[in-house]
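# Structure at a glance
Spelled out, the chains give:
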Amino acid sequence: MCDDDTAIPADHEKDLAFGTKLIHSGNHPDEWTYKDVIPPISLSTIYNAESPGVIQNYEYTRCGNPIRSVLEKCLMAMDNAKYALVYSSGMSATMSMVSMLAPGDHILCSSDVYGGTYRLLSIIAKQAGILFDFIDFINTENIVQNIKPNTKLVWFESLSNPLMRVLDVKKVSDVVHRIRTDILVAVDNSFITPYFQKPLNLGVDVIMYSLSKYINGHSDALMGALVTNNKELYDKLYVYQYTCGNVPSSFDCYMVNRGLKTLHVRMEHHMKNAFVVAQFLRSHPKVLKVNYVGFPDHPQRDVINKQFTGYTGLLSFYINGGLKESVKLLESLKLFYITVSFGCYESLAALPTKMTHASLTDEQKYSIGIYENLVRLSIGLEYVQDLIDDLNQALEASGAKDKTNTTGSINVY
Ligand SMILES: Cc1ncc(COP(=O)(O)O)c(C=O)c1O
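Residues numbered from 1 in each chain as written. Predicted model: local features only at pLDDT ≥ 70, side-chain atom pairs only at ≥ 80, totals over all residues. Heavy atoms only, no water.

### Digging into the nonpolar core
Cut-off, in case you're wondering: In this text, buried Ala, Val, Leu, Ile, Met, Phe, Trp, Tyr and Cys residues form a nonpolar core when linked through side-chain atoms within 4.5 Å. The cut-offs for exposure are 20% and 50% of the maximum accessible area for each residue type, with area from a 1.4 Å probe on protein chains only; residues under the lower value are buried, those over the upper are exposed, and the others partly exposed. Between two residues, a contact is recorded if the distance between any of their heavy atoms is within 4.5 Å.
Of all hydrophobic cores here, the largest spans 89 residues; its most connected members are Leu-75, Leu-281, Leu-315, Phe-317 and Leu-377. Ignoring anything within four residues of it in the chain, the contact list for Leu-377 reads Val-277, Leu-281, Gly-313, Leu-314, Leu-315, Phe-317, Phe-336, Leu-348, Ala-349 and Leu-391. Counting residues in each nonpolar core, the second largest holds 26 residues, with Leu-120, Leu-184, Leu-226 and Leu-237 among its members.

Pasting the structure below:
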């Protein structure tokens, strides 16, 4: 449970650097009987009251428990925010935001959001009578024209997957709030993390994180979070959470709290590795195009310079081939695991058309640049030359042709 009092950081924590906050914020050994330096997992679902109706801190774990509070306090510190709530998954956090709306309310959503978010709106929210539009947010004039009198929530991702397009978080927030201040602007910041971007400072009302990605970083816990400075929203979300019970387990809170202690160190290394891999791929004869935010000629370079303090380990590329060559490439990789998700210490490779975006129609896929020759990588923390050697041998084995030997057109967005 994080009420107003617990949301205020201890005096000595206020001005600490990000990495120091990660390690110390929310972690107060004096809170525990044995002064544990590593906060203990509280597995009890019930807490003894001093007297009937006189609750000391916790009563029943659905409403809050000690290790969950530790994690929430650390998340608040990471974004310099007043409130944070953690959930049993990123989707559960997103669903909680959608549940703040009533039938007839409207959500304006960026067209290239995570496939699960797309599914949540187009199936579940629709069943609940909530209206929505998916539009391209790159041109913010498009947003202005699509806000309706019943629009209550604007949802987008600061970095799009898998094409690595960047949205101007400040401009989106300003444009929406200039039309109406009561529209909630929410950003899914799972890709960039609070280490590289602080969206509340750029004007959004609420940040959603899939903690299952970079913040935990170890692919061993599924969790999500909502982080905000808006007390009214926080209060509503908290009532919704303890009523509906979409809470994480204590064990997962412990795991994520443990994983995030090294976020700053991991992100620096992800960034360094991805930069080297992106450059290697860009110069490879079998690669047509690499999408990567760290390139100086990225189309949204001015926004990146203003709003990011670094780049993540994500990139995607088009090979000079079709489905057969892409599949062979992935199957030939020895160090990269073929799987969904991202943000962990091990490197991952995915074929969006068959994996993350398989539920879209071909027309929908092509409209957002997802062709059969697009491969996405989440670059991990391995020794980078090993990753390059692996990619090199897999590209050779894929059967993709060198660019200079190709006739006819192959899809690139
Ligand atoms: C950008 C993004 N947002 C949200 C989610 C959902 O998070 P979770 O898997 O923790 O429910 C994902 C999952 O892949 C994602 O990639």
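### Side note on helix H10 (residues 250–259)
Rule in force here: Per the convention used, a helix needs a DSSP run of H or I reaching at least four residues, while a strand needs a run of E reaching at least two, with both numbered from the N terminus.
A large share of H10 lies buried, amounting to seven of its 10 residues. Buried residues belonging to H10 abut helix H3 (66–78), strand E1 (83–87) and helix H11 (263–282).

### Some details on the packing of H11 against helix H15 (residues 384–397)
Formally: The axes are straight lines fitted to the C-alpha atoms, using for helices just the contacting stretch, and the angles between their N-to-C directions are given from 0 to 180°. Each angle gets one of four labels, with under 35 degrees taken as roughly parallel, over 145 as roughly antiparallel, 65 to 115 as roughly perpendicular, and the rest as oblique. In this scheme the crossing of two helices becomes right-handed for a clockwise turn of the near helix relative to the far one and left-handed for an anticlockwise turn of less than a right angle.
The interhelical angle for the contact between H11 and H15, taken along N-to-C directions, is 30 degrees, at an axis separation of 10 Å. Taken together, H11 and H15 sit at an angle that is classed as roughly parallel. Our pair here, H11 against H15, has a crossing hand that is right-handed. Between H11, through Asn-273, Val-276, Val-277, Phe-280 and Leu-281, and H15, the contact on the second element is made entirely by Val-384, Leu-387, Ile-388, Leu-391, Asn-392 and Leu-395.

### Focus on the side chain of Asp-188
Test applied: None of His or the chain ends enter the tally, which takes Lys and Arg as positive and Asp and Glu as negative. What makes a salt bridge here is a side-chain nitrogen of Lys or Arg within 4 Å of a carboxyl oxygen of Asp or Glu, nothing more. Side-chain atoms alone can form a polar contact between residues adjacent in sequence; in general such a contact is a pair of N or O atoms within 3.5 Å, and within protein one must be able to donate a hydrogen while the other accepts it.
Along the polypeptide, Asp-188 turns up in strand E5 (residues 184–188). The side chain of Asp-188 is buried and forms no salt bridge, while Lys-213, the nearest opposite charge, is found at 8.2 Å. A distance of 2.6 Å separates a polar atom in the side chain of Asp-188 from a polar atom in the side chain of Ser-190. Contacts of Asp-188, omitting those with residues within four sequence positions, involve Trp-155, Phe-156, Glu-157, Ser-158 and Met-208.

### A few points about the pattern of salt bridges
Considering all chains together, one arrives at 11 salt bridges under this definition. Residues Arg-165 and Asp-136 are paired through a salt bridge, measuring 3.2 Å at the closest nitrogen-oxygen approach. Remark: Asp-136 occurs in the loop between strand E3 (131–135) and helix H6 (140–146) and Arg-165 occurs in the loop between strand E4 (151–157) and helix H7 (169–179); sequence separation between them is 29 residues. Given the relative accessible area of 30%, Asp-136 is considered partly exposed. In this structure, the salt-bridge partner of Asp-402 is Lys-286, at a minimum N-O distance of 2.8 Å. In this pair, Asp-402 is assigned in the segment after H15 and Lys-286 in the loop between H11 and strand E8 (287–291), connecting sequence segments 116 residues apart. The class for Asp-402 is partly exposed, based on a relative accessible area of 25%. Sharing partners across several salt bridges, the network here consists of Asp-112, Asp-136 and Arg-165.

### A few points about the environment of Val-175
When you line up the elements, Val-175 lands in helix H7. Sequence separation between Val-175 and Glu-141 is 34 residues, and the spatial gap between their C-alpha atoms is 8.4 Å.

### As for the site of the ligand
Counted only if it meets this: Near, as used in this document, describes a residue that has one of its heavy atoms within 4 Å of the molecule or strand being considered. Per-residue and other accessible areas follow the Shrake-Rupley method at a 1.4 Å probe size, with only the shown protein chains counted as cover for residues. Of the two site types, the cavity is a set of points on a 1 Å grid over the protein atoms alone where a 1.4 Å probe fits but cannot get out, and the pocket is an open set with protein on both sides within 12 Å along at least five of seven lines, each lined by residues with an atom within 4 Å of a point. Whether a molecule sits in a cavity or pocket is decided by its atoms, more than half of which must lie within 2 Å of the grid points. Residues are sorted three ways: Asp, Glu, Lys and Arg are charged, Ala, Val, Leu, Ile, Met, Phe, Trp, Tyr, Cys and Pro are nonpolar, and all the rest, Gly among them, are polar.
Around the ligand, 15 residues are found, and the nearest of them are Gly-90, Asp-188, Ser-210, Ser-212 and Lys-213. One of the side-chain nitrogen or oxygen atoms of Asp-188 is found 2.6 Å away from a nitrogen atom of the ligand. Between Ser-212 and the ligand, the recorded distance is 2.6 Å, taken from a side-chain N or O atom to an oxygen atom. Burial of the ligand by the surrounding chains reaches 91%, relative to a free accessible area of 390 Å². Among the cavities detected, the one that contains the ligand is the largest pocket. Contributions of two or more residues to the shell around the ligand are made by helix H4 (90–98) and strand E6 (206–210). Split by residue class, the shell around the ligand holds seven nonpolar, five polar and three charged.

By themselves, these observations are geometric and do not establish any function.
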